[in-house]
Amino acid sequence: MRDRTLITTGVVGGALAAICCATPLLAILFGTVGLTAWLAKADYVLIPALILCVALIGFGLYRKRIGAR
C-alpha cells in the first residue's frame, strides 16, 4: 500500500471508530429502533478498532517520513 492510502484508511477508520465510541448516543438512537441489545458488546470491538486505526495512521506517517529522506 502507498503511504497516502495507509494514512487515509487510518483517518477514516479512526473517525468512524471515534464516532461509534459515543455509545450513549448510539443507545438512544438504537433504542428507538429496538437494537440496544447489540450495544452490550460494542465497546469490546470499537476501542480496539480505534487503537488499530490510530496505529495505522502512525505507521503511514512513519513510512512517509522514512521515504522522504
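Residues numbered from 1 in each chain as written. Predicted model: local features only at pLDDT ≥ 70, side-chain atom pairs only at ≥ 80, totals over all residues. Heavy atoms only, no water.

Enquirer: What should I look at first to understand the overall build of the protein in this one?
Expert: When you go through the protein residue by residue, the secondary structure sums to three helices and zero strands. Taken from N to C terminus, the helices and strands of the protein fall in the order α-α-α. When each of the 69 residues of the protein is scored for burial, the buried share is 19%. Put simply, of all contacts in the protein between residues at least 6 apart along the chain, 74% involve residues at least 24 apart. Total accessible area on the protein stands at roughly 5,200 Å², and carbon and sulfur atoms take up 73% of it. (Helix = DSSP H or I, 4+ residues; strand = E, 2+ residues; numbered from the N terminus. Buried < 20%, exposed > 50% of the residue type's maximum accessible area, 1.4 Å probe, protein only. Contact = heavy atoms within 4.5 Å. Areas by Shrake-Rupley, 256 points an atom, 1.4 Å probe, with all protein chains shown as cover.)

Enquirer: Which parts of the structure should I look at to understand a nonpolar patch on the surface?
Expert: Together, Phe59, Tyr62 and Ile66 line one region of the surface with nonpolar side chains, adding up to about 320 Å² of accessible area. As for its placement among the helices and strands, tyrosine 62 is situated in helix H3 (residues 42-67). Residue classification places tyrosine 62 among the exposed residues on the basis of a relative accessible area of 51%. (Patch = residues over 30% accessible without salt bridge, like charges linked within 9 Å, V, L, I, M, F, W, Y side chains within 5 Å. Salt bridge = Lys/Arg side-chain N within 4 Å of Asp/Glu carboxyl O.)

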